[in-house]
Amino acid sequence: MYMTYGWPQVIPLESGLCPSSQRIHKVRLGKYKRDSDSIQREGENLQAVWSPDAKLIAVLTSSFFLHIFKVQFTEKKIQIGGKQPSGLFLATISLLLSEQVPFANKDLTISNIFCGAFELDSHLHDVNEVTELPHSLENGFASGGASRSFSFSHNFSRRSAVIQLELSFPLRLLFVVYSDGQLVLCSVGKKGLKQAESIKAEKMLGSGDAVCASVGSEQQILAVGTRRGVVELYDLAESASLIRSVSLYDWGYSMDDTGSVSCIAWTPDNSAFAVGWKLRGLTVWSVSGCRLMSTIRQIGLSSVSSPMVKPNQNCKYEPLMGGTSLMQWDEYGYRLYAIEEGSSERILAFSFGKCCLNRGVSGTTYVRQVIYGEDRLLVVQSEDTNELKILHLNLPVSYISQNWPVLHVAASKDGMYLAVAGLHGLILYDIRLKKWRVFGDITQEQKIQCQGLLWLGKIVVVCNYIESSNTYELLFYPRYHLDQSSLLCRKPLLAKPMVMDAYQDYILVTYRPFDIHIFHVKLYGDLTPTSAPDLQLSTVRELSIMTAKSHPASMRFIPDQLPREYISRSPISSSSDLLAREPARCLILRVNGELSLLDLDEGRERELTDSVELFWVTCGQSEEKKNLIEEVSWLDYGHRGMQVWYPSPGVDRFKQEDFMQLDPELEFDREVYPLGLLPNAGVVVGVSQRMSFSACTEFPCFEPSPQAQTILHCLLRHLLQRDKSEEALRLAQLSAEKPHFSHCLEWLLFTVFDAEISRQNANKNQISVPKRATNFSLLEKTCDLIKKFPEYLDVVVSVARKTDGRHWADLFSAAGRSTELFEDCFQRRWYRTAACYILVIAKLEGPAVSQYCALRLLQATLDESLYELAGELVRFLLRSGREYEQASTDSDKLSPRFLGYFIFRSGNRKQSFDGRSTSFKEQNAHVASVKNILESHASYLMSGKELSKLVAFVKGTQFDLVEYLQRERYGCARLENFASGLELIGQKLQMGTLQSRLDAEFLLAHMCSVKFKEWIVVLATLLRRSEVLFDLFRHDMRLWKAYNITLQSQPAFAEFHDLLEALEEKLSSVDSLEENIPLAE
């Protein structure tokens, strides 16, 4: 897995073109400049290619001259600053050969060249012909003689031309891409391209719109870019069958946005590939189809990571906004170099980190998630699963400057120690203490060429390559000291190991073609700095397997899953019982993605699944009591998503469940790649790419973002299926305090219920199927488990809302009667959850019961001032009342008697049915009951002058306050005394807060609409709305005098004296103006 980080770095091809904020150090090691005569005579350089040993460069010019250059490094070191030497040497570049390519026709164009100066005819000719340059018998340089060509007999257009050749030496395959979109697979002889007559066209591939192709020889996969902007993957091990297609269609981008595919580049280990488009950007995909990185930002989002397109197009906010013309990974896969379409001024370099996949000779642990870059580690901080973070851990400069880049990383079993190895030596990092441990003697460090790392308890195992003798060995160092004096053991190996693994006291080493050796480790003495421990290895098993399958990429021991009570402590292992118990099985992940189980006793291998990228063995790996994945044997990830495997006591020892397909909404997005597990939280940790933009930089910063995905519901379902209800309860109790526990229970019930629905639908389509209660009993067991937790009531109704109402009867037959669950919520005062049951009750028990429950709940929510919820209940009741009236008239006759006992809350709600309630005369009794409840509550609030609650009540329930005030002007809304009313309302509203002033404004507007003078005067005074008071008093001077006297006579109203003065001034000016106006004659 590859994930980019940091800002794209700019490498200018001409001086003065690189912004200083993004400049990187570019050190020139050597230079060869052709003179003007050579350029005029032989043409400009068109394309160049390195030889496999990086000692020669072949360059083809526009006039079809082939130049061979030799690159030779001198002993002159380059000092670029700093205390540590750079490790760089000056190079000399010399021209070895300059020869014109012997083509008969000169009207050719170049597509690409291979090592050995291989060129193709890509112009529009009458025949489709590929030409190979002659080879020298001595040094491989062309030395004269006629060229050789071969042609294909397929019926192509006469104007079709070869535009690309893609050769795979390991697979002996040649792929020819034509200008009309045709793609031909050709077989190549044992001597490769030296014998043109041995190249045979085998079959046509693709959809007829291919524009480029690239082979991942290690994975045996062909990636084909098309004009549609889609990349098609073909399995070369299975008759070149189509595996899958990847594109940006699902991210909202079509071919009109990106254009056709322009280039494809596989990573050095073939686990991912980069795709460049003609019009815009590039993207990196995993083989399984996970989008690992993209320069094209997500559309449709208004966040920092995905801003809207800025109108200023002069500043490009995306790298490669104009398209991608060329891409190339570096030797180790840490850098991806790309050139923008139509640009020859600079190269963009993207920095990548690689995931510690459990492949090859280096071990890892799923507990600690690590991405390693060329000079740093990106560690997932998982102490709090609610907020996972990425920590950038830079390696010590003293080590990485001498041993760049990072090649191997392995985490200890508990994830608290990291072993890191570069070109030479190794260093250890203590995560708790945040300290590095290095070799004290640098000469000892330089003697180690690490080919792989393993942890064996507190011991780090190094697979070392001895260059002088071309042999391999295992070195055992204690984690507390890296020195030759502390070396515990040195074990020579028979050959270069292919894969390795360690579990407890056992080490597995596999050689080519497929020879397995298992060693038992015995430690004598205490593993402490003060003692002198002795470590001995003994071979306990040798196994040679004859198979035609692809080579293994990873192998892991599968320990027997024993009860926890057998677990104890040991310096190397954590189980004394397992010390004498050698693992009898192991998992094999082959290069082609096939996952199989090997019985080491019988030597029998059984295929389990295919298309797997990585897997984690979880059984027997943790000694903690709160490990939530103890029942799981292993998990794997591929294009199907995540798969969980469990041990089965039956004939089939292992049972597979693809929980990601059962729970599509919990599936990792195709832009989130899993890194490992948190066993104590029961979650899978993945990582996705995010981009953050800044106005001070040209390009965004790429940030790996960790994501957590729970698998608890899958584990619980497995235990219930195996009738392990007590174990499931224990696991759930351990997880009760974990984040998203309620969500896990919800999806547990949903997946079980969804399976029950699917089974019922399948049975309906069959003529005769014997009744099986297994699935239904699983539904009952699931409900019984969840009932033991307070989240049960929420979980059941949430699942009901996610499923078709036609199946609710089946759900609540197992979960309990809906009215009883509603009553339970009601008694616990969980009114929001109770409201969710109303629709279920209407469906299962009928509208009369649902209306009764809704009215009870409405009354309770009003009493608790839950006015938004009350508003939803009012809308439901009014809607259901109209529907109910149309459906049945008998229920209307029963409704008043059925509902009447709770309509009136107390004696102060005496305004129910009287002659003034004219608006109720045309309404049915059900709707009248709802309005009576609302009016009764409004009267209660108005009588107590709970004005803020009244405003919230009116807004939440859409209660008609104007109509109510008109009726209650002389009732409960009346203010008996201005002074007491002003003081009381001032205390209730607390005018010092903004919300209280807004509430007062809301009430004042309604009071003005009904001309309720008493309330207008009080509210306008509290709000100091002098214009409202002036407009009122200018027409009623008696009211003004009473108002003036009241405020001046009460010491409590001294704060309003300035308001009185302003009003008095305004009213006086009006009086004087009226006196000066002469009467009309």
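Residues numbered from 1 in each chain as written. Predicted model: local features only at pLDDT ≥ 70, side-chain atom pairs only at ≥ 80, totals over all residues. Heavy atoms only, no water.

1. Side note on the side chain of S214
Reasoning step 1: With respect to the element layout, S214 can be found in strand 13 (residues 210-216).
Reasoning step 2: If we ignore the near neighbours within four places in the chain, the residues touching S214 are E166, I221, L222, A223, I264 and W266. (Helix = DSSP H or I, 4+ residues; strand = E, 2+ residues; numbered from the N terminus. Contact = heavy atoms within 4.5 Å.)

2. Observations regarding the sheet that holds strand 14 (residues 221-226)
Reasoning step 1: Ordered in space as 13-14-15-16, the four strands form an open sheet in which the pairing is antiparallel. Looking at which strands have only one partner, the edges of the open sheet turn out to be strand 13 and strand 16 (241-246). Going from strand to strand, the sheet's axes swing by 25 degrees on average, the running direction of each strand aside.
Reasoning step 2: Relative to strand 14, strand 13 runs antiparallel, the two being bridged by six bridges. Bridge pairing in strand 14 places A210 opposite T226. (Pairing = 2+ DSSP bridges. Axes fitted to C-alpha atoms, helices over the stretch in contact; angles between N-to-C directions.)

3. A look at helix 21 (residues 978-989)
Reasoning step 1: Look at helix 21: 16 Å from first C-alpha to last across 12 residues, which is about the 16 Å you get at 1.5 Å a residue.
Reasoning step 2: Within the span of helix 21, buried status applies to A979, G981, L982, I985 and L989. Considered in projection along helix 21, the buried side chains sweep an arc of 165 degrees and stay on one side of the axis.
Reasoning step 3: Of the surrounding elements, those touching the buried residues of helix 21 are helix 19 (947-957), helix 22 (994-1009), helix 23 (1013-1023) and helix 25 (1037-1049).
Reasoning step 4: Of the residues flanking the start of helix 21, the one acting as N-cap is N977, its side-chain oxygen 2.9 Å from the backbone nitrogen of A979.
Reasoning step 5: Positive backbone phi, approximately 50 degrees, marks Q990, located one or two places after helix 21. (Expected span 1.5 Å × (residues − 1). Buried < 20%, exposed > 50% of the residue type's maximum accessible area, 1.4 Å probe, protein only. Arc of directions from axis to C-beta. Polar contact = N/O pair within 3.5 Å; in protein donor to acceptor, adjacent residues only side chain to side chain.)

4. What about unusual backbone geometry?
Reasoning step 1: Between W404 and the following residue, P405, the backbone shows a cis peptide bond with an omega angle of 0 degrees.
Reasoning step 2: Here P405 is to be found in the loop between helix 3 (397-403) and strand 27 (408-411).
Reasoning step 3: Look at the link from R512 to P513: it is a cis peptide, with omega at 0 degrees.
Reasoning step 4: Take P513: it is sitting in the loop between strand 36 (506-511) and strand 37 (515-524).
Reasoning step 5: Notably, L320 is not glycine yet its phi reads approximately 55 degrees, a positive angle.
Reasoning step 6: By the element assignment, L320 lies in the loop between strand 20 (291-294) and strand 21 (324-329).

5. Observations regarding the packing of aromatic side chains
Reasoning step 1: By the definition in use, this model includes 27 aromatic pairs.
Reasoning step 2: Aromatic pair Y867 and F953: ring centres 5.7 Å apart, planes at 70 degrees, arrangement edge-to-face. In this pair, Y867 is assigned in helix 16 (residues 867-887) and F953 in helix 19, connecting sequence segments 86 residues apart.
Reasoning step 3: Plain terms: the ring middles of F1053 and F1056 are 6.4 Å apart, the flat faces sit at 50 degrees to each other, and that makes the pair tilted. Judged on exposure class, the residue F1053 and its partner F1056 are both buried. (Phe/Tyr/Trp six-rings, centres within 6.5 Å; stacked < 30°, edge-to-face > 60°.)

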